[in-house]
Each structure stands twice: as C-alpha cells, then as structure tokens.
Amino acid sequence: MELKIITIETPIGRMGLFARSGKLERVVFPNDCPDIGQDDVKRSGLRSDPAFRDAVDHIERYFRGEHVSWAGRPVPVGGAFYSRVWAAAATIPFGNTVSYGELAGMAGNGRAARAAGMAMKHNPLPILIPCHRVIGSDGGLHGFGGGLDLKRWLLRHEGVEI
C-alpha cells in the first residue's frame, strides 16, 4: 500500500494529491501542501499514473475556467451520510452555490445542515468535490479548509459574487 504524492502548480499555489493502492485519497490546498520539489515529481512520472491523471486534468481544466464536474465519479469512502453529501456536492454546477441545508436535502436529510457542514469540513477532495460552492443559508461564507479568502477567490473565479 505505497503512498504516492504529486504536486501541481495552480493559480492559488501548489496543491498536493495523494493516492494509495491506485486510488486518489486526498487533495490538499497550498496551505497544507507538502514541500515536494517539482523536479522530483516530473522524474517520477506519476502525473500519468491512473490514480492522478483524471484529477490533475480536472483541476487544470477548472483553473482554466472550464465547467468541469466530478459528478458520477467515485467519492471517497466515509460514513454513509458523508458519502451521500460528497456525491451530492459533486453535482453542484460551476458558478452555482447551495446552502448547507440544501446540500443536506440533496443527500437525503434536509434537517441535517450541520452534519452536511461537517462532511464538507472533512471533504478529502476539494475542487473535485466543490465544497467551496456550499454557503450559509444567510448567503455568507462559513468555514473552509483553505480559508475564507480562498473560498471567495474560487467563487469569484466561477463568476459568483459574494
């Protein structure tokens, strides 16, 4: 069960991608990214590894402004509700937002807004599963692993004014 790690340069900084046993496990924002030199990554040839290829393509296309979606792709293993929340969040279209309550409803329990928020807090695949598109019922920005300034930047990148 070898852990494989690559980094990719994005407009928000260097992001890290982690895979084990041929499956993408985690994507991290620049503030959490390990210090891995790009020269090491290029030598390893991991960008073409099946565990990374789709995710890297998706992230690069996202930052070019393409309306890409991770919907229908496997979501990480979590509790049943978390997995449903992550699958539902993957369907939120580029340039759109939903509230935590709306997301909970999309996942089958409209009264579980706080639990949906916790699922988003533990989202292992940000950008791919666009937790930045989930906002408070008051229309405000609340909690985000990359920080609220990054959440605002990502939403503005998609044309959403917050």
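Above this note sits the structure.
Residues numbered from 1 in each chain as written. Predicted model: local features only at pLDDT ≥ 70, side-chain atom pairs only at ≥ 80, totals over all residues. Heavy atoms only, no water.

Draft legend 1. Looking closely at unusual backbone geometry. Look at S21: it is not a glycine, yet its phi comes out positive at around 55°. Mapping S21 onto the fold places it in the loop between β2 (13–20) and β3 (23–28). S21 gets classed as exposed once you look at its relative accessible area, which sits at 51%. Unlike most non-glycine residues, I127 shows phi in positive territory, near 75°. Along the polypeptide, I127 turns up in the loop between α5 (113–121) and β5 (134–135). Overall, I127 belongs to the buried group, its relative accessible area being 2%. (Helix = DSSP H or I, 4+ residues; strand = E, 2+ residues; numbered from the N terminus. Buried < 20%, exposed > 50% of the residue type's maximum accessible area, 1.4 Å probe, protein only.)

Draft legend 2. How the structure looks around the pattern of salt bridges. Evaluation of the coordinates by the stated rule reveals eight salt bridges. Among the ionic pairs, E25 bridges to R20, the shortest N-O distance being 3.3 Å. Classification of E25 as partly exposed rests on a relative accessible area of 34%. Under the relative-accessibility criterion, R20 is labelled partly exposed at 28%. Note that E161 is salt-bridged to R156, the shortest N-O span being 3.7 Å. A relative accessible area of 61% means that E161 is categorised as exposed. Each of D57, R61, R64 and E66 takes part in salt bridges that share partners, so that together they form one network. (Salt bridge = Lys/Arg side-chain N within 4 Å of Asp/Glu carboxyl O.)

Draft legend 3. Quick look at the side chain of S83. Here S83 lies in helix α3 (residues 80–89). Classification of S83 by relative accessible area gives buried; the value is 17%. For S83, the contacting residues outside a window of four places in its chain are V75, P76, V77 and G78. (Contact = heavy atoms within 4.5 Å.)

Draft legend 4. Spotlight on the environment of L148. You can see L148 is positioned in helix α6 (residues 148–157). Sequence spacing of L148 and H132 is 16 residues, and the spatial spacing of their C-alpha atoms is 9.1 Å. In this view, L148 contacts L141, H142 and G143; residues no more than four positions away in its chain are not counted.

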